[in-house]
Every structure is written in C-alpha cells, then in structure tokens.
Amino acid sequence: MKFISALLIRAAHRSVVRPKLVVGAWVAAAVIACGLAAGLMEFRTSNLDLIDHDIPTVRRFLDFAESFGTPNVLVVVLEGKDEKALEAFADRAAAAITPLPSVRAVMERLPLDKDLLRDLEMEEYLRSRDHGMYFLFVQPSDTRSSVESLDPFVAAVRDAIAAAEPGKAGIHVGYTGIPQYALDDRDVIQKDTSRLTFVSFALVFALFWTCFGRFRRP
C-alpha cells in the first residue's frame, strides 16, 4: 500500500510540475487510440454475431438461411374497407417490390392452386379474419439481417409502396417485423445515447468545477 501511495503521489507531483507535458501526452494517446479504432475496429450489427457459429444448432440455422433465406421478414400491413381495392393493391405492391435487388422474395397470397384452396376452405390472400387487413411478407436478400443492409432494404420497400399511391385507393400502410424492429431499436439507441452523452458530460464537468473551485481547472 505504501508503494502504491508513493507512486500516486509522485505521479500527481509530476503532473502538477509539468502540466503541458501530461496533457500533451494524453491528447497524443487519445489521437492514436481514435486512429487505431477507426482503422481496426469492426462494427457488426447482426444478432447472429452474438452467438457462436460453431454450435451445431446455430450452424444448421445458418445453413438453412443460406438455402431458403432468413425468417426475419418485413411485414407490410395494408388496412382499408374495400376488399377489392386491398386485393388489387396487394398484387400491385408485390409486383413493385419483387424486382428490388435487396428483396429475395415476396408473399402476398398462398402459392397454391385456387381450386385446391377452395376445396380446403382456405383464404388465397394473407389477410385478417374480418378482411380489413392484408399482409405482405417481404424477405430480405441478406441472410444475416444486419442493420447496414436492412436500412436500405426497408427504405426501398417503403419507396416502392409509396410510389404505388396507396392513399388514392383509401389504404393505410404500416410496417412491422424484425427488420423494422431493428431499425427502430437503432434509432432509439442513437437518440438516447446522444442525449445521455451530453448530460453526463455536463454533470461530470459540473462535479469537477465544484471540486476544484474554478472554471479553468477541470
């Protein structure tokens, strides 16, 4: 303990005697750290990066996603009162979304024969029981569902549907599913982090200002 106390006292003494050298050294260290972070740090925004890919179950899931696409689909919800208008817009929206390079597949109706569906007493379109909402399941081409790919994917789908002018058909459009959740989470985290960074800086500075008794010392 005496050795540690002596070391800290010596460090404090030298910091006071040569403040410019100390501040300069820490500024240089911070610049070097930022440079290394910018060049070497890798940001990964896929939930799959949180788990070990060597686990057999995870490996089988990744192989499945590579073969059939990710199950994390964007759900487009069409809401209106006119069933015919909803059916027509669902088909028009699916046709507009399918060619997008970020889209792997679109499903707005069951891919089965109409006669078979009638015999099975099943609905052709994916819709709610009261027929007031129709659903489109849009599968992204990125099997890892990273935020970097989901952002332009969702934006492209939104733009394609907006270009089809759902308002003129009396249809309200909503979005849900894992891709939309991921983007909402990102936006909330960025907003809260920015706010909390400013608040924490202000509070820490106020604490140092109070402890040192002067504005310049902190």
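Just so it is clear, the model here is predicted, and its values are computed rather than measured. Within every chain, residues take consecutive numbers counted from 1 along the sequence as written. Since the coordinates come from a predicted model, pLDDT governs what is reported: local features require at least 70, and pairs of side-chain atoms require 80 or more to be given and counted, while whole-chain, interface and lining totals use all residues. With hydrogens and water set aside, each side-chain value is computed from the structure's full complement of heavy atoms.

Engineer: Explain the sheet that holds strand 2 (residues 103-107) to me, please; I cannot follow it from the model alone.
Structural biologist: Within a sheet, adjacent strands bond to each other through the backbone by hydrogen bonds, running parallel or antiparallel. We call two strands paired when DSSP finds no fewer than two bridges between them. Here a helix means four or more residues in a row that DSSP labels H or I, a strand means two or more in a row labelled E, and each is numbered from the N terminus. Spatially, four strands are ordered 2-3-1-4 in an open sheet, and the strand pairing comes out antiparallel. Of all the strands in the sheet, the pair left with one neighbour each is strand 2 and strand 4 (172-177). For this sheet, the mean angle separating the axes of adjacent strands, direction not counted, is 25°. Sheet analysis places strand 1 (residues 74-79) next to strand 4, joined by six bridges and oriented antiparallel. Along strand 4, the bridge assignment pairs Leu78 with Val173. Axis definition: a line fitted to C-alpha atoms, over the contacting stretch in the case of helices. Angles run 0 to 180 degrees between N-to-C directions.

Engineer: Explain the packing of aromatic side chains here, please?
Structural biologist: Aromatic rings in a pair are described by how distant their centres are and how their planes are angled relative to each other. Any two rings among Phe, Tyr and Trp, with Trp reduced to its six-membered ring, count as a pair given centres within 6.5 Å; such a pair is stacked if its planes are under 30 degrees apart, edge-to-face if over 60, and tilted if neither. Enumeration over the complete set of coordinates arrives at five aromatic pairs. Aromatic pair Phe201 and Phe205: ring centres 6.4 Å apart, planes at 20°, arrangement stacked. In this pair, Phe201 and Phe205 both sit in helix 7 (residues 178-212), four residues apart, roughly one turn of the helix. With relative accessibility at 27%, the residue Phe205 sits in the partly exposed group. Their ring planes at 55° and their centres at 6.2 Å tell us that Phe205 and Trp209 sit as a pair that is tilted. Here Phe205 pairs with Trp209, and both are found in helix 7, just four residues apart, close to one helical turn. Under the scheme applied here, a residue whose accessible area is under 20% of the maximum for its type counts as buried, over 50% as exposed, and between as partly exposed, the area being computed with a 1.4 Å probe on protein chains only.

Engineer: Could you clarify how one ought to interpret the layout of surface pockets in this entry?
Structural biologist: Considering only enclosed or pocket space, the largest pocket measures out at about 390 Å³ in volume. Along its surface, the largest pocket is lined by 21 residues, and Thr45, Ser46, Asn47, Val147 and Ala182 are the ones closest to its centre. Counting residues per element, the ones that place at least two in the lining of the largest pocket are helix 6 (147-163) and helix 7. The leading source of residues in the lining of the largest pocket is helix 7, at seven residues. Each residue is assigned to one class: nonpolar for Ala, Val, Leu, Ile, Met, Phe, Trp, Tyr, Cys and Pro, charged for Asp, Glu, Lys and Arg, and polar for all the others, Gly among them. Of the residues that constitute the lining of the largest pocket, the class distribution is nine nonpolar, eight polar and four charged. Put simply, the second largest pocket is a space of about 170 Å³. Using only the protein atoms, space was sampled on a 1 Å grid; points where a 1.4 Å probe fits but cannot get out form cavities, open sets with protein on both sides within 12 Å along at least five of seven lines form pockets, and lining residues are those with an atom within 4 Å of a point. As for the second largest pocket, its lining consists of Thr70, Pro71, Val73, Ala105, Val106, Met107, Arg109, Pro111, Phe137 and Gln139. Within the residue set of the lining of the second largest pocket, elements represented by two or more residues are strand 2 and strand 3 (133-140). Among the elements that line the lining of the second largest pocket, the one with the most residues is strand 2, at three residues. Grid points are joined across faces, edges and corners, and a volume is the space filled by probe spheres set on the points.

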